[in-house]
Protein chains: 2
Amino acid sequence: MPQYKAPLRDMQFVLHELLNAEEHYSKLPVFAETVSRELVDQYLETAADFCENELSPLNQIGDREGCKWDDGVVTTPTGFKEAYQKYIELGFPSLSAEEQYGGQGLPNSLGITISEMVGTSNWAWGMYPGLSHGAVRTLEHHGSEQQKNTYLPKLVSGEWTGTMCLTESHAGSDLGIIRTKAEPNEDGSFAISGEKIFISAGEHDMAENIIHIVLARLPGAPKGTKGISLFIVPKFNITADGAVGERNAVRCGSIEHKMGIHGNATCVINFDRAKGFLIGPENRGLNCMFTFMNTARIGTAVQGLSASESSFQGAVAYAKDRLAMRSLSGPKAPEKEADPIIVHPAVRNMLLTQKAFAEGSRALVYFLAQFSDTVEHGATEEERKYADNILSFLTPIAKAFLTEAGSESAKHGVQVFGGHGFISEHGMEQIVRDTRIACLYEGTTEIQALDLLGRKVLQTQGALLKDFTKIIHKFCEANKDNAEQKEFVEPLAALNKEWGELTMQIGMKAMQNPDEVGAAAVDYLYYSGYVTLAYFWASMALKAQQKLAEGSTETAFYNAKITTARFYFSKILPRTKSHVATIASGVSPLMALAADDFII
Amino acid sequence: MPQYKAPLRDMQFVLHELLNAEEHYSKLPVFAETVSRELVDQYLETAADFCENELSPLNQIGDREGCKWDDGVVTTPTGFKEAYQKYIELGFPSLSAEEQYGGQGLPNSLGITISEMVGTSNWAWGMYPGLSHGAVRTLEHHGSEQQKNTYLPKLVSGEWTGTMCLTESHAGSDLGIIRTKAEPNEDGSFAISGEKIFISAGEHDMAENIIHIVLARLPGAPKGTKGISLFIVPKFNITADGAVGERNAVRCGSIEHKMGIHGNATCVINFDRAKGFLIGPENRGLNCMFTFMNTARIGTAVQGLSASESSFQGAVAYAKDRLAMRSLSGPKAPEKEADPIIVHPAVRNMLLTQKAFAEGSRALVYFLAQFSDTVEHGATEEERKYADNILSFLTPIAKAFLTEAGSESAKHGVQVFGGHGFISEHGMEQIVRDTRIACLYEGTTEIQALDLLGRKVLQTQGALLKDFTKIIHKFCEANKDNAEQKEFVEPLAALNKEWGELTMQIGMKAMQNPDEVGAAAVDYLYYSGYVTLAYFWASMALKAQQKLAEGSTETAFYNAKITTARFYFSKILPRTKSHVATIASGVSPLMALAADDFII
């Protein structure tokens, strides 16, 4: 079973060296005085200790035991509840929440780096506090004062947890067709009736109350997405003095048997005229929900990073240990009966792919995390707007591309173990199963691809794309005379240019036939993901070269960065070529077959 | 839960129209008089009925229940034993075995088409008779007359089953380092001692005896692969009159908890001075084993085909039924609250990928199956040798490429279902889990890649590659003036040429550094796989065009073939571009990082 070791050195490299976290915080008035490098590192170390020693040992237990459902009551796996109590004691739930509700008022970006460690050591467990976080954000942004006062303090402290109840059995990607009803009661509350499915952490034994955030339709609401409202529906009603009162008509009908994340309860939640309270304006529920969804999508991007990191850690340890065959270029460990498999190029290719994805994902996620700080706390409207643009553009890339990369890394993790990878005790196949959901929930890869190409790129006439390609362009211009960077800057500049041309090409075709967007979107997303990561790998290589030039003694660390960047550019980035060619062939090869002719 | 429907029309298309099965059999003296199209179709229909109605309903039960181990005794899932009795009654175990041992003497290729249906409806179940088949082949080829007479009749009838005991805990890909010992007894038998792992069907309750074929080392045997011998070790010793006698010292120590194929018992088998009998010459066990391994590798290629087919069937049904959002080019089912998701290009892309892989895999597997007939029964030594060359070359491609394609198809199957794909009851995630082993056992993808590029291509100075590219070249030459085929023939001819150039390029580099072979092998394998399937898709499109030109009324069927070929050429085949570029970057980006510097 793989023992998680928090990659603190690499996290600090990205935070402090690549992204200058201290400088970033110093520019945000709310954090300028309070958030220092020392504070950040202290939190990281506390979280690393908790994740390595409390959560990681529960990861396989959670998978093996799963959650148990008995007549509406859900029991989480052994140790989950106790770990959650420790998590509360350490103050993690309140980290980035507002101070007036008991939060520590620390940056969201710090919370995200911690969520990486939580998620990598035990994703299923991490979803319980993770979902709460989304509910807190939604309430902070859209709740009334009274609602905030009622629910936030207990959610922020972690005493209660939250959920997001969107999906119904017939409505997942397409929330416009949900059927759950909200009928006004005389006291201003609403009676919520309907069945929600796939409610993560929808019922459990870890907290004394669960606050559901529910999408439902008011009587006479317009059809489609413009007739959906958002409601707070607590598991236990809250008394006038804020205590937990009588049970609301909310019940967990069953939990799903699923491929992975067995330790998290995926619930069917039945609302039977349950008492609920409108959040935000009527019929604007989906808009309010987007606040949460963006957070959730970055959170899911973290799952991709986590899968790359955990499968990488497991595979490297095994590849150094396992002996099989001799290197084709002659024995490397002649004293042993065979060479460790890390000598074989095909094994190294898998390990380096995982490493390139894990560390590249970390750079992208932390970069996004900083912009998420700026969106909320930027000093000027201009800064906030710019950050929002970058965030809007990169979120679907991060969510879809990093989760697909995580799935690929997990696949390599199994493969490096050979037949042993298929066996549960080694923990590698669990990563494949756990991370498979990341490409599905919070908007599938295909939905993210449409969001990226349709909404973010084409609907803005390329404005958001340009905001990001400008960053890459500036980087390339600044380093074009650096001989050591040439191997990265030249191909990156070429791809950056091609990105715009490719977009133009698709845009032109889409004017003739809107289905061209759907046909190109997934390849476009992958293309965008590979180029985005290429930018981060070039940036990391540059930073490493600078550190070496400055005389750093950490030569192995920085050389590994440069080597991995080189690997990424020569072995991963060529994948863009297929995507370009596939996009060029357009929509017609996809649409010619009648639905009934797929199977004859 | 997906209900398997045997794709008889497509199987018949490949067998009779594309590959002219009747003509093929007519050229093999042993089958010329006996095997007709009617006979083939009759067997297919009987097998289809059995697979659809007996095996398919047990597929999810097997996954859910798994096998149970209790003090050395293994119980298979509900219904498995009964289905096996029916399988025996229908005469399937004896199909392609030699008549003198009770076999029906029918072609191996017919057995392979039937194994497709068995495997697609229930892979875990199919492994029990599948492993027996390997043991039978090994005994037929290498057993003494006395051994054949003792074991074959009962194995052929299906009353006993067989296993192949190769792997040990420390030795999988590298069988040269196995430790199981065989010490001579005074009566000419051997005392076998050691522990074998990953023994599929190693212990179960479906047959009265289990015949293990075991690799072990004789005292004083040379180190490495040249010191391994092959032994027969029955679970129950056989009495002088051929009956089941007393228990041999063979025991199932445990069964593995694993990612998938839960219905099949993956056993640790302990031999404690168990009585065994040498098969074939001393120290030549691995060579004898290769007979079985080639069969097993085609058998595993079938698993890839099966995963593509089953996930395709499930996904198409769901995509026609599930409603979500409107087509970007306007509502296609305005009377419904949303369009069926099969209208969306991204969904079609996944379905067509599955279709192209399933039907392309079928063509390649059946093509190989015919050559496997010819290797054994070809009229002349020249024919047999040629068939052996084609088979040797294409086996690693079929094994590795088709299983990877099967895994990809299974992934799409989950994705088409969205969040529901993650839920066990729909059966789509089971396909992912079950088929994951196919890329690992019988030689991982990386081992197959080395076998292809190192042994089959470079060690023969490209001779085996040329045998196959000549087939493609002839096809392209014959059809170069066919305007309707131009879209397929031109790119295929170009790729076929590039295949040779790519090989030359790698060969040159490998002379400088043997690790270049390991660095290029996996990409080379994928490249080879895509080109090989392109040949089959072009051939199928040609056949379809011919049928339409002849006035066939099955226009939907044949047009679907042409449409799918077009999809394959425009949306899948461009993947070769990345592999070419990746190969060009050579070994150095893979070898620069010291083993200890992967994680710092």
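Conventions adopted
Residues numbered from 1 in each chain as written. Chains lettered and ligands numbered in written order. Predicted model: local features only at pLDDT ≥ 70, side-chain atom pairs only at ≥ 80, totals over all residues. Heavy atoms only, no water. UniProt positions renumbered as here; feature names shortened; annotations may be inferred. Helix = DSSP H or I, 4+ residues; strand = E, 2+ residues; numbered from the N terminus. Rg over C-alpha atoms; globule rule 2.2 N^0.38 Å. Areas by Shrake-Rupley, 256 points an atom, 1.4 Å probe, with all protein chains shown as cover. Lys, Arg positive; Asp, Glu negative; His and termini not counted. Charge placed at Lys NZ, Arg CZ, Asp CG, Glu CD. Expected span 1.5 Å × (residues − 1). Bend = angle between axes of the 7 residues up to and from the residue. Buried < 20%, exposed > 50% of the residue type's maximum accessible area, 1.4 Å probe, protein only. Contact = heavy atoms within 4.5 Å. Buried area = accessible area lost by both parts, 1.4 Å probe. Salt bridge = Lys/Arg side-chain N within 4 Å of Asp/Glu carboxyl O. Polar contact = N/O pair within 3.5 Å; in protein donor to acceptor, adjacent residues only side chain to side chain. Nonpolar A, V, L, I, M, F, W, Y, C, P; charged D, E, K, R; others polar. Least-squares fit on C-alpha atoms with pLDDT ≥ 70 in both. Axes fitted to C-alpha atoms, helices over the stretch in contact; angles between N-to-C directions. Parallel < 35°, antiparallel > 145°, perpendicular 65-115°, else oblique. Pairing = 2+ DSSP bridges. Phe/Tyr/Trp six-rings, centres within 6.5 Å; stacked < 30°, edge-to-face > 60°. Lys NZ or Arg CZ within 6 Å of the ring centre and 35° of its normal. Domains from an automatic or database assignment. Patch = residues over 30% accessible without salt bridge, like charges linked within 9 Å, V, L, I, M, F, W, Y side chains within 5 Å. Left-handed = near helix turned anticlockwise from the far one by under 90°. pLDDT = per-residue confidence, 0-100.

The name given to chain A in an unreviewed UniProt entry is 3-methylmercaptopropionyl-CoA dehydrogenase, and the organism recorded there is Acinetobacter puyangensis. One UniProt comment on chain A, placed under Function (unreviewed entry), says "Involved in the assimilation of dimethylsulphoniopropionate (DMSP), an important compound in the fixation of carbon in marine phytoplankton, by mediating the conversion of 3-(methylthio)propanoyl-CoA (MMPA-CoA) to 3-(methylthio)acryloyl-CoA (MTA-CoA)." What UniProt states about chain A under its Sequence similarities (unreviewed entry) heading is, verbatim, "Belongs to the acyl-CoA dehydrogenase family."

What about the overall build of chain A?
Across its full length, chain A carries 20 helices and 11 strands. Against the globule reference of 25 Å for 600 residues, chain A gives a C-alpha radius of gyration of 24 Å, in line with a compact fold. C-alpha extents for chain A along the principal axes are approximately 80 × 65 × 60 Å. Carbon and sulfur atoms provide 52% of the accessible area of chain A, an area that totals close to 21000 Å². Treating the 55 positive side-chain charges of chain A as one cloud and the 72 negative ones as another, the clouds have centres 4 Å apart.

A closer look at helix α17 (residues 515–549) of chain A
Residues and elements named next belong to chain A. For α17, with 35 residues, the first-to-last C-alpha span of 51 Å sits near the 51 Å given by 1.5 Å per residue. The largest bend along α17 reaches roughly 45° and is located at A521. Buried residues dominate α17, accounting for 31 of its 35 residues.

Quick notes on the interface of chain B and chain A
Taken together, the contact pairs 100 residues of chain B with 100 residues of chain A. Carbon and sulfur atoms make up 65% of the surface buried where chain B meets chain A, a total of about 8300 Å² over both sides. The largest contributions to the chain B side of the interface with chain A come from F422, K571 and F598 of chain B, which together make up 10% of the buried area. At the boundary of chain B with chain A, the tally comes to six salt bridges. In this structure, D596 of chain B and K320 of chain A form a salt bridge, with 3.0 Å as the shortest nitrogen-oxygen distance. Scanning the region where chain B abuts chain A turns up 43 residue pairs in polar contact (both at pLDDT 80 or more). Considering every element that reaches the side of chain B that touches chain A, the biggest residue donor is helix α10 (residues 345–377) of chain B, with eight residues. Across the side of chain B that touches chain A, the residue classes tally to 51 nonpolar, 25 polar and 24 charged.

With respect to the UniProt feature "domain: Acyl-CoA dehydrogenase/oxidase N-terminal" (unreviewed entry) in chain A
Sites flagged by UniProt as "domain: Acyl-CoA dehydrogenase/oxidase N-terminal" (unreviewed entry) map to residues 42–159 of chain A. Across residues 42–159 of chain A, the secondary structure splits into 66% helix and 5% strand, with the terminal C-alpha atoms separated by 24 Å.

A word on the relation of the copies chain B and chain A
Between the two copies, chain B and chain A, the superposition gives an RMSD of 0.0 Å; the rotation angle is 180° and the shift along the axis is 0.0 Å. Viewed as a symmetry operation, the transformation between the two copies matches a two-fold axis. Both copies share a contact surface, since 100% of the interface residues of chain B are interface residues in chain A too.

Here's the deal with the environment of H133 of chain B
Residue and element names in this part refer to chain B. Mapped onto the elements of the fold, H133 is located in helix α7 (residues 123–142). Looking at H133, the relative accessible area reads 24%, which means it is partly exposed. It is 9.1 Å that separates the C-alpha atoms of H133 and S94, two residues lying 39 residues apart in sequence. Here H133 is in contact with S96, N108 and T295, once residues within four sequence places are set aside.

Comments concerning the packing of helix α12 (residues 381–416) of chain A against α17 of chain A
Residue and element names in this part refer to chain A. Running from N to C, α12 and α17 cross one another at 90°; their axes reach a closest spacing of 9 Å. By the angle between their directions, the pair α12 and α17 is classed as roughly perpendicular. Residue-level contacts link L394, P396, I397, A400, F401, L402 and E404 of α12 to L525, Y526, S528, G529, Y530, T532 and L533 of α17. Residue composition of the contact of α12 with α17, by class: 10 nonpolar, three polar and one charged.

Things to note about the pairing of strand β9 (residues 244–247) of chain B
All names here are of chain B. Where strand β8 (residues 236–238) lies against β9, two bridges are found, and the strand directions are antiparallel. In the sheet register, F236 faces β9, and the bridge partner there is R247. Taking the residues that link successive antiparallel strands as the turn, the β8-β9 hairpin has five residues, and the phi of G242 there is positive, at about 85°.

Describing the pattern of salt bridges
Between side chains of opposite charge, a pair can form as their charged atoms come close. All names here are of chain B. Following the criterion strictly, the structure yields 70 salt bridges over all chains and no others. Here R9 makes a salt bridge to E554, at a shortest N to O gap of 2.7 Å. In this pair, R9 sits in helix α1 (residues 8–18) while E554 sits in the loop between α16 (515–549) and α17 (555–572), placing the two residues 545 residues apart along the sequence. The residue E309 makes a salt bridge to R362 at a minimum N-O spacing of 2.9 Å. One end of the pair, E309, is in helix α9 (residues 285–321); the other, R362, is in helix α10, and 53 residues separate them in sequence. According to the relative accessible area criterion, E309 is buried, its value standing at 4%. You can call R362 buried: its relative accessible area is 0%.

A few points about the packing of aromatic side chains
Residues and elements named next belong to chain A. Tallied over the full model, the rule gives 60 aromatic pairs over all chains. Between the aromatic rings of Y568 and F569, the centroid separation amounts to 6.2 Å while the plane-to-plane angle is 75°, which identifies the pairing as edge-to-face. A relative accessible area of 0% places Y568 in the buried class. Cluster of aromatic residues (ring-pair linked, three or more members): F367, F371, Y386, F393, F468, F475, W499, Y535 and F536. The aromatic ring of F557 is capped on one face by R9, whose charged end is 4.3 Å from the ring centroid.

Concerning the domain arrangement of chain A
The figure often quoted for interface size is the accessible area lost as the parts come together. All names here are of chain A. Segmentation of chain A into domains returns domain 1 (288–446) and domain 2 (454–597). Here the C-alpha centroids of domain 1 and domain 2 sit 18 Å apart. Opposite the 28 residues of domain 1 that make contact, domain 2 presents 28 residues. When residues of domain 1 are sorted by the area they lose upon contact with domain 2, A356, F393 and F401 head the list and together hold 25% of the total. Taken together, domain 1 and domain 2 are joined by two salt bridges.

Let's talk about a nonpolar patch on the surface
A cluster of nonpolar side chains, M504, M508 and M511 of chain A, forms an exposed patch at the surface whose accessible area comes to about 380 Å². With respect to the helices and strands, M508 of chain A occurs in helix α16 (residues 486–512).

Let's talk about the packing of helix α1 (residues 8–18) of chain A against helix α7 (residues 108–121) of chain A
A pair of packed helices can be characterised by two numbers: the angle between their axes and the separation between those axes. Residues and elements named next belong to chain A. Between α1 and α7, the shortest axis-to-axis distance is 12 Å and the interhelical angle comes to 155°. The orientation of α1 with respect to α7, classified from their angle, is roughly antiparallel. Between α1 and α7 lies a crossing whose hand is right-handed. Facing L8, M11 and L15 of α1, the residues of α7 in contact are T113, E116 and M117. Its residues assigned to classes, the contact of α1 with α7 shows four nonpolar, one polar and one charged.

What to know about helix α4 (residues 37–65) of chain B
The terminal C-alpha atoms of α4 of chain B lie 40 Å apart, and with 29 residues this matches the ideal 42 Å at 1.5 Å per residue to within 8%. Two residues or fewer past α4 of chain B, G66 of chain B is found with a positive phi of approximately 65°.

Here's the deal with the side chain of E256 of chain B
With respect to the helices and strands, the residue E256 of chain B is situated in the loop between β10 (250–255) and β11 (266–279). Buried and unpaired, E256 of chain B has K258 of chain B as its nearest opposite-charge partner, separated by 8.3 Å. When near neighbours in sequence (up to four residues on either side) are disregarded, E256 of chain B contacts I423 and E425 of chain A together with F198, T266 and V268 of chain B.

Remarks on the confidence of the model for chain A
For chain A, mean pLDDT is 97; residues scoring 70 or higher make up 100% of the total. The complex model carries a pTM of 0.98, and its ipTM stands at 0.98.

Some remarks on the environment of E484 of chain A
Residue and element names in this part refer to chain A. With respect to the helices and strands, the residue E484 is situated in the loop between α15 (463–479) and α16. For E484, a relative accessible area of 52% puts it in the exposed group. Distance from E484 to T46, taken between C-alpha atoms, is 38 Å for residues 438 residues apart in sequence.

With respect to unusual backbone geometry
One non-glycine residue, F198 of chain A, adopts positive backbone phi at about 60°. Looking at the secondary structure, you find F198 of chain A in strand β5 (residues 190–200).

A few points about the side chain of T563 of chain B
Mapped onto the elements of the fold, T563 of chain B is located in helix α17. T563 of chain B sits in the buried class, given a relative accessible area of 11%.

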